[in-house]
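Tertiary structure, described
If you want the building blocks of each chain, they are given just below.
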Amino acid sequence: MENNKFLDIKGLNVSFYTQKGVVRAVRDLDLWINKGETLALVGESGCGKSVTASSIIRLIPSPPGKIESGEIFLDGQDILKLSEEEMQKIRGDKISMIFQDPMTSLNPVFKIGDQIAEIFITHYGLKKKEALERAVEMLDMVKIPSPEKRVKSYPHQLSGGMRQRVMIAMALASPHPGIMIADEPTTALDVTIQAQILDLMKELQEKIQMSLLLITHDMGVVAEMASRVAVMYAGRKVESADVYSIFEKPFHPYTVGLLNSMPSNEKYKHNARLEAIEGNVPNLLEIGDGCPFENRCKYAKDICRNKFPEIKDMGNNHHVWCHFAGELNF
Amino acid sequence: MEKILEVKNLKKYFEIKKEGLKATESHILKAVDGVSFDVYKGETLGIVGESGCGKSTLGKTILNLHQKTEGEILFHGVDIGNLSPAQMKPYRKRMQMIFQDPYSSLNPRKKISYLLRQPMRVHNLDKEIDVEARIDQLLTIVGLDVKYKNRYPHQFSGGQRQRIGIARALSLNPEFVVCDEAVSALDVSVQAQILNLLMDLQKEFGLTYIFIAHDLAVVELISDRIIVMYLGRIVEEAPKVSLIANRLHPYTKALFEAFPEMNPRNRRVKKIIVGDVPSPIDPPSGCHFHPRCPFAKDICKSHYPDLKEVSPGHKVACWLYE
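Given the structure is predicted, the values throughout are model-derived calculations rather than measurements. Along each chain, numbering runs from 1 in the same order as the chain's sequence is written. Following the order in which they are written, the chains are lettered starting with A and the ligands numbered starting with 1. Local features in this predicted model are restricted to residues of pLDDT 70 or higher, and side-chain atom pairs are both shown and tallied only at a pLDDT of 80 or more, whereas totals for entire chains, interfaces and linings draw on every residue. Values reported for side chains reflect all heavy atoms of the structure, with hydrogen atoms and water molecules removed beforehand.

So, about the overall build of chain B. Of the regular secondary structure elements, chain B holds 10 helices and 12 strands. Put simply, the radius of gyration uses C-alpha atoms, and a globule should come to 2.2 Å times the residue count raised to 0.38. Taken against the 2.2 N^0.38 rule, which gives 20 Å for 322 residues, the C-alpha radius of gyration of chain B at 21 Å falls within 12% of a compact globule. Expressed along its principal axes, the backbone C-alpha trace of chain B runs to roughly 65 × 55 × 50 Å. Relative accessibility under 20% of the residue-type maximum defines a buried residue, over 50% an exposed one, and the middle range a partly exposed one, all with a 1.4 Å probe and only protein chains included. A burial count over chain B gives 53% of its 322 residues as buried. Residues are treated as being in contact if the distance between any of their heavy atoms lies within 4.5 Å. Long-range contacts, defined as pairs at least 24 residues apart, comprise 64% of the intrachain contacts of chain B with a sequence gap of at least 6. Summed over all atoms, the accessible surface of chain B reaches about 14,300 Å², with 50% contributed by carbon and sulfur. To qualify as a helix, a DSSP run of H or I must reach at least 4 residues; to qualify as a strand, a run of E must reach at least 2; elements of each kind are numbered from the N terminus. Only the protein chains shown count as covering a residue, and every accessible area follows the Shrake-Rupley method with a 1.4 Å probe.

As a further point, take helix 4 (residues 112-124) of chain A. Residue and element names in this part refer to chain A. By definition here, a helix of n residues has an expected span of 1.5 Å times n minus one. Across its 13 residues, helix 4 extends 18 Å between first and last C-alpha, which sits within 8% of the 18 Å expected from 1.5 Å per residue. Every buried residue of helix 4 is listed here: Ile112, Gly113, Gln115, Ile116, Ala117, Ile119 and Phe120. Contacts made by the buried residues of helix 4 are with helix 5 (128-141), helix 6 (147-150) and helix 7 (160-172). Once helix 4 ends, the next one or two residues include glycine 125, with phi positive near 70°.

Looking now at the pairing of strand 8 (residues 211-216) of chain A. Residues and elements named next belong to chain A. Taking burial as the measure, the 6 residues of strand 8 include 6 buried ones, the bulk of the element. Burial along strand 8 is two-sided: the residues Ser211, Leu213 and Ile215 and Leu212, Leu214 and Thr216 are all buried. Relative to strand 8, strand 3 (residues 38-42) is paired through 5 bridges, and the arrangement is parallel. Pairing of valine 42 across the sheet is with threonine 216, part of strand 8. Any two strands with at least two DSSP bridges between them are considered paired. Inspection of the sheet shows strand 7 (residues 179-183) paired to strand 8 by 5 bridges, in the parallel sense. Directly across from aspartate 183, in strand 8, lies its bridge partner isoleucine 215. In terms of handedness, the path from strand 7 via helix 8 (residues 191-208) over to strand 8 forms a crossover that is right-handed. By convention, orient the strands away from the viewer: a clockwise path from the first strand over the helix to the second makes the crossover right-handed.

Before going further, it helps to examine the sheet that holds strand 6 (residues 95-98) of chain A. Residue and element names in this part refer to chain A. One open sheet holds the 8 strands; their spatial order is 6-7-8-3-9-10-12-11, and the pairing between them is mixed. The sheet is open, and its two borders are formed by strand 6 and strand 11 (312-313), each paired with just one other strand. In this analysis, axes come from line fits to C-alpha atoms, helices being fitted only over the stretch in contact, and the angle between any two N-to-C directions falls in the range 0 to 180 degrees. Set on the sheet, helix 8 makes contact with strand 3, strand 6, strand 7 and strand 8; between it and strand 8 the angle comes to about 155°. Relative to the sheet, helix 11 (residues 253-261) contacts strand 3, strand 9 (228-233) and strand 10 (236-242), its axis offset from that of strand 9 by approximately 100°.

Within this document, salt bridges are pairs made up of a side-chain nitrogen of Lys or Arg and a carboxyl oxygen of Asp or Glu, the two lying within 4 Å of each other. Taken as a whole and judged by the stated rule, the model has 37 salt bridges over all chains. Notably, a salt bridge pairs Lys3(B) with Glu6(B), separated by 3.8 Å at the nearest N-O pair.

To continue, consider the confidence of the model for chain B. Parts of the model with low pLDDT should not have their predicted coordinates read in detail. Confidence in the prediction of chain B, expressed as mean pLDDT, is 91, and 99% of residues score 70 or more. Here the predicted complex scores 0.89 on pTM and 0.86 on ipTM. For every residue, the predictor reports its confidence as pLDDT, a number between 0 and 100.

What follows concerns the interface of chain A and chain B. On the chain B side, the residues contacting the 44 residues of chain A number 37 residues. The term buried area means the drop in 1.4 Å probe accessible area that two parts suffer when joined, counted for both and summed. Summed over both partners, the interface of chain A with chain B comes to about 3,600 Å²; 55% of that surface belongs to carbon and sulfur atoms. On inspection of chain A and its partner chain B, the count reaches 2 salt bridges. Residues Arg265(B) and Glu248(A) are paired through a salt bridge, measuring 2.7 Å at the closest nitrogen-oxygen approach. Mapped onto the side of chain A that touches chain B, the elements with two or more residues apiece are helix 8, helix 9 (219-225), helix 10 (243-248) and helix 11 of chain A. With 8 residues, helix 8 of chain A is the largest single contributor of residues to the side of chain A that touches chain B.

Moving on to the environment of Ile194(B). Residue and element names in this part refer to chain B. Take isoleucine 194: it is sitting in helix 6 (residues 188-205). In this structure, the C-alpha to C-alpha distance between isoleucine 194 and arginine 163, residues 31 residues apart in sequence, is 7.4 Å. In contact with isoleucine 194, not counting residues within four places along its chain, are Gly159, Gln162, Arg163, Ile166, Val183 and Leu186.

Right, let's talk about unusual backbone geometry for a bit. Note that the residue after Ser62(A), namely Pro63(A), is joined by a cis bond; omega there is -10°. Looking at the secondary structure, you find Pro63(A) in the loop between helix 1 (49-56) and strand 4 (65-74). Pro63(A) connects to Pro64(A) through a cis peptide bond whose omega is 10°. With respect to the element layout, Pro64(A) can be found in the loop between helix 1 and strand 4. Positive phi, close to 60°, is recorded for Asn317(A), a residue that is not glycine. As for its position among the elements, Asn317(A) is in the loop between strand 11 and strand 12 (319-320). Positive phi values are uncommon outside glycine, yet Asn9(B) reaches one of about 45°. Here Asn9(B) shows up in strand 1 (residues 3-19).

Here is the structure:
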């Protein structure tokens, strides 16, 4: 089991030093992904999911950001110990990343063919002409119609869905695609296009046995894609389990609240009023050492304010960080 | 049931000018192209569709925020599309809008109390009622603490700002509110709070909503009736129950099929429609959906089907149901 972990994050702490104080964006995070597996990292704005992703590719802007402590093992190697030069070889090779808005990750003044070809030139040492031929193959692989013509397009000439396909093509062009980090990859897309992109990601992932870290706030996308799920809230992981357990037997009050907040939850077929979580996400500057969900949790007691809970093992690799896990009736 | 709004064959075209080095090309973008429907008192009419389908333009045109190109917008029988701004003013008070982005729809340099006072001033209500008491009342209605009224918009979270937007829309006691993607920018847990608030307010004040959104689950939850749009036209219109039980138009089916379900055990192989939404500047001939439609026949390529009622209240524009 242990050596099957392609990505293994241990005790990660990331802070941002702002004028107003220190924001502890990620706290004591443990996370792992097996080879070929899809882990969904779920949570709302400010929960630390994107900061986690940036830490894995070591693109935390520093200053103000700083990885305070922790280890990130990628294929057995602690990447936090690598030099910037060594890290550059890993980015776009073993790790690739796609973002919510492909327009901001593609260079607007270069043709998409040239942008894909660059990967083949840098990582494979190919000549320009061969690299362009490979770029056409990649576009074909992500099902872009008439790829020979499309290599000559500029990013603005493509639709949002097509641009996201290009990003996926670039991610897959690497010599050793090991893990793809997808940060809200379909949030900006229309639902019919979202379905196409999710489908494509699933298909390609199976084909090349790549691990996928899917960052999203949409529990529907999670249900569609994930094998395991980790739920984050205000910098902390609060629950992790396989996808079925998360949807069918969640233990953390926040996970339950998140599921109940979704209008597509089957329980609202007949009853319109949603069971919403009251209150707002706390200011990360003001969070102490207690459970960050304490101020919105209707089950909170004194201990929750003062102490973040120890891990509770509910069996079957289902872990919960709640003082009262297993004792609450939702 | 009392009709408060009748929209008849409404069109809103935009002229798009592309300036080249030598010549200026001009195109007509038919954002809303011959749309007819009624809105009944106290109901929520949901309008769904993907980007570029014209749903937001439709919302703004109904409120006369865009000058219509053609057609009628009858609000309680009066065609408001032809009114001058001065004539329009008394109607403005009765119809309001809640916008998607609570960040850009509130002036960052004004205090909340000012933002809520301004509509009442514009409509000269400040002489009739105690405006300050009304501001307190509005804040309480939308679930904000009265002590916040001297704060600025940036001091609030997204959800709180949307509450302020709602308070401002309600400040003139409207009967009809257009919510344009009113919860789309919010986090899920906050979105649930705002949806509950909108539903509570509707009950309390007997409001009529047009609820425009791209999130199908949200629209299905809040609406009594639903209109599905594609490239400027209505493809299906039905009571919610009827639409859930029986989606007729191939586009409606594809749209709802594509929406991810909340159940990992239902991860079946889906029928996903191919292709992108075409450009509204140059939509496909005939039925605009035909290039993506698995059931397209010859007639679909040449003629646009009429919106026809196939069962009570359930209308569809598709040659399969002729």
